[in-house]
Amino acid sequence: MPSPAQVPPPRTPAEWAAYYQLRYAVLRQPWQQPPGSERCPADDEPTTVHALLLAEEGPNEAPVALAVGMLQRTDAHRGQIRFMAVAPHAAGTGLGRRVLEHLEAQARAAGLAEILLHARESAVGFYTRLGYAVVGPSHTLFGVIPHFLMRKQL
Ligand SMILES: CC(C)(COP(=O)(O)OP(=O)(O)OC[C@H]1O[C@@H](n2cnc3c(N)ncnc32)[C@H](O)[C@@H]1OP(=O)(O)O)[C@@H](O)C(=O)NCCC(=O)NCCS
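Being a predicted model, the structure only gives us computed values, none of them experimental.

What counts as what
Residues numbered from 1 in each chain as written. Predicted model: local features only at pLDDT ≥ 70, side-chain atom pairs only at ≥ 80, totals over all residues. Heavy atoms only, no water. Helix = DSSP H or I, 4+ residues; strand = E, 2+ residues; numbered from the N terminus. Near = heavy atom within 4 Å. Polar contact = N/O pair within 3.5 Å; in protein donor to acceptor, adjacent residues only side chain to side chain. Nonpolar A, V, L, I, M, F, W, Y, C, P; charged D, E, K, R; others polar. Expected span 1.5 Å × (residues − 1). Buried < 20%, exposed > 50% of the residue type's maximum accessible area, 1.4 Å probe, protein only. Pairing = 2+ DSSP bridges. Axes fitted to C-alpha atoms, helices over the stretch in contact; angles between N-to-C directions. Contact = heavy atoms within 4.5 Å.

**Q** What should I look at first to understand the environment of proline 35 in this one?
**A** Following the sequence through the fold, proline 35 ends up in the loop between α1 (13-27) and β1 (49-54). Measuring from C-alpha to C-alpha, the distance between proline 35 and threonine 12 comes to 20 Å, with 23 residues separating the pair along the chain.

Structure below.
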């Protein structure tokens, strides 16, 4: 099977801003969460992998994120995919798949054997399509978003 196309991490301050802005807009703002709530300590760990797909922009325009995701290494054998988000106007066009498959490839390259993640109920179908199995119910975010623990062997 050919390896999926690389999805680079943010490289400039403007790209990092676009990266976190998409996280915030998709995963935090709709629930009135404060700016900054889209970040976590694992973002800065050296083994964390960030992935950012950018829109095509002119040379002098600010970068705009279309899809983002991150892989956190949780122990020697396992990783966790977190903060997957696709811009609403670009959803359903394969960008989420590209980000997820890239992060899985990075996990394999790092020698990880398994990925665990906490999926929003509305995203369980996406992860199922990409080969993840539901382990069981997980937490409820902001008191209203049920999550399910899901797992995939790499
Ligand atoms: C969930 C999300 C990351 C999926 O990304 P996406 O770019 O829209 O998905 P893709 O277009 O890559 O879809 C890949 C496959 O999964 C399927 N799929 C996508 N979302 C799905 C869903 N919610 N339910 C069932 N299947 C879904 C697609 O039909 C496609 O199937 P195909 O291979 O047969 O064509 C994106 O819609 C999103 O950001 N949602 C809001 C935020 C969110 O819930 N993030 C996850 C937090 S755990």
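**Q** Looking at this structure, I do not really get the site of the ligand. What am I missing?
**A** By nearness alone, 21 residues border the ligand, and Val86, Gly94, Gly96, Arg97 and Arg129 come closest of all. Contact between the ligand and methionine 84: a nitrogen atom at 2.8 Å from a main-chain N or O atom of the residue. Within the contact set of the ligand, an oxygen atom lies 2.8 Å away from a backbone nitrogen or oxygen of glycine 96. Those elements that place two or more of their residues in the shell around the ligand are α1, β3 (78-86), α2 (95-109), β4 (114-120) and α3 (124-129). Per-element accounting of the shell around the ligand gives the leading share, four residues, to α3. When grouped by side-chain class, the residues that make up the shell around the ligand number eleven nonpolar, seven polar and three charged.

**Q** Where do I start with α1 in this structure?
**A** Since one α-helical turn is 3.6 residues long, residues separated by three or four positions face the same way. Helix length check: α1 (15 residues) gives 21 Å between terminal C-alpha atoms against 21 Å at 1.5 Å per residue, within 8%. Within the sequence span of α1, burial applies to Glu15, Ala18, Tyr19, Tyr20, Leu22, Arg23, Tyr24 and Leu27.

**Q** Looking at this structure, I do not really get the environment of glycine 94. What am I missing?
**A** One can find glycine 94 in the loop between β3 and α2. For glycine 94, a relative accessible area of 33% corresponds to the partly exposed category. Sequence-wise, glycine 94 and alanine 67 are 27 residues apart; in three dimensions their C-alpha atoms are separated by 9.9 Å.

**Q** Mind showing me how you'd approach the sheet that holds β3 here?
**A** Where strands meet in a sheet, backbone hydrogen bonds hold them as pairs that are either parallel or antiparallel. The strand order across the open sheet built from six strands is β1-β2-β3-β4-β6-β5, with neighbouring strands paired in mixed fashion. Edge positions in the open sheet fall to β1 and β5 (133-141), since each of these has one partner strand only. Mean inter-strand twist for the sheet, computed between neighbouring axes without regard to direction, equals 20 degrees. In this sheet, strand β6 (residues 145-153) lies alongside β5 in antiparallel orientation, the contact comprising six bridges. Within β6, the residue paired with threonine 140 across the bridge is proline 146. Across the sheet, α1 touches β1, β2 (65-73), β3 and β4, and the angle it forms with β2 is around 90 degrees. Most of the contacts of α2 go to β2, to which it runs at about 25 degrees, and overall it touches β1, β2, β3, β4 and β6.

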